[in-house]
Amino acid sequence: MNDSSWGAPPQTGQPGHTGQAGYWGPAHQGHMDGGPVQGAAPAGPAYDAQDAPHTRPMPIVPEVSAHGGDQDDDRGAARLSGPLFRDENPEPMHDAPQPTPAPKKSAGRDLGAAIGVGVGLGAVIIASLFVVKAVFVGVIAVAVVVGLWELTSRLQERKEIKAPLVPLAVGGAAMVVAGYVRGAEGAWVAMALTALAVLVWRMTEPPEGYLKDVTAGVFAAFYVPFLATFVAMMLTADDGPWRVLTFLLLTVVSDTGAYAVGWRFGKHKLAPRISPGKTREGLLGAVTFAMVAGALCLQFLIDDGVWWQGLLLGLAVAASATLGDLGESMIKRDLGIKDMGTLLPGHGGIMDRLDSLLPTAPVVWLLLVLFVGSG
């Protein structure tokens, strides 16, 4: 705080002159017979004139002259009156508590990394999908193997469940290829053989925990590779790439609509015990976005498709994608983890991207077969 904040600059009182107030004390009495000023402040180091530039004493309020001092002095006294300039000790002043600003909503992930990875994956998928179908089948198989590795690793780390990865990985890749080559019949046969391989493979270890290990293995075989075979089966149609693209677009649009509407308007929790971040408003956004996208895709991308079929398809995709997301949230909550892996920056693991795609694949495959045939 600078000196000027205390008031006007100091003025030196004139001896014997009444009606003027000096800076160091009241001076309306003046000198009497050369003696000290009556009522003046006691002399001391803090009040000596030569020390004035080095000290900051509290200014004393000048009294209004009994002889009718001029009006400027009266106004100055009025300005300086108040608790800070009185003799009594005032209560300390405290700043009023400031309201805590509401926390900003956050996406919870690195959106830049998430968008970059998403665009990169999309480019790989589109390129393989429309160039050589067999290459896209290989992409599905790789995603299945990585997803199985993530799932079995988390089960062993968090629950000490040792689902055998080798028969799952081999059987899962074979399941995808069988679905593409032989259709639903080939997929079911490969699923049965994979489950049998899991049971036999686990027999090479001690019997303790056998039941939970093989149960988890059969569940993993159904959850990841078997559901993924429906994507390969879509691809076998004459317009297979467009069917797969429709499936991917509707699922992504559903997730995007749920995120955008839920983040902006979400207030009512959808399933707080499973996934506290999901809201009913977000589900409505997913349904709306997916139905609009479905109508456009069926009308313009799928042979013999019509817009009203796309509305139904979009509604079904929004429901299955939401249930798939909630299903994996249940698994992760039971395991006590946030993500299944860290392979994809901003996304988590492969399984964190497949959660809504896997249960949606058989739904889209079935509805497209019913609406426009197997192709």
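Treat the numbers as computed from the prediction; the structure is a model and nothing was measured.

What about unusual backbone geometry?
Phi at Glu160 is positive, roughly 60°, even though this residue is not glycine. Along the chain, Glu160 falls in the loop between helix 3 (133-159) and helix 4 (165-202). Among the residues examined, Glu160 registers a relative accessible area of 62% and is labelled exposed. With a phi angle near 65°, Asp304 is a residue other than glycine that sits in the positive phi range. The residue Asp304 is located in the loop between helix 7 (280-300) and helix 8 (307-335) in this model. The exposure class assigned to Asp304 is exposed, which follows from its relative accessible area of 68%.

A few points about helix 10 (residues 357-372)
One turn of an α-helix holds 3.6 residues; hence residues three or four places apart share an orientation. The terminal C-alpha atoms of helix 10 lie 21 Å apart, and with 16 residues this matches the ideal 22 Å at 1.5 Å per residue to within 8%. Considered for burial, the residues of helix 10 that qualify are Leu357, Leu358, Thr360, Ala361, Pro362, Val364, Leu367, Leu368 and Val372. Elements in contact with the buried residues of helix 10: helix 5 (210-235), helix 6 (240-265), helix 7, helix 8 and helix 9 (350-354). The positive-phi residue at the C-terminal boundary of helix 10 is Gly373, with phi of around 90°.

Rules and cut-offs
- Residues numbered from 1 in each chain as written.
- Predicted model: local features only at pLDDT ≥ 70, side-chain atom pairs only at ≥ 80, totals over all residues.
- Heavy atoms only, no water.
- Helix = DSSP H or I, 4+ residues; strand = E, 2+ residues; numbered from the N terminus.
- Buried < 20%, exposed > 50% of the residue type's maximum accessible area, 1.4 Å probe, protein only.
- Expected span 1.5 Å × (residues − 1).
- Contact = heavy atoms within 4.5 Å.

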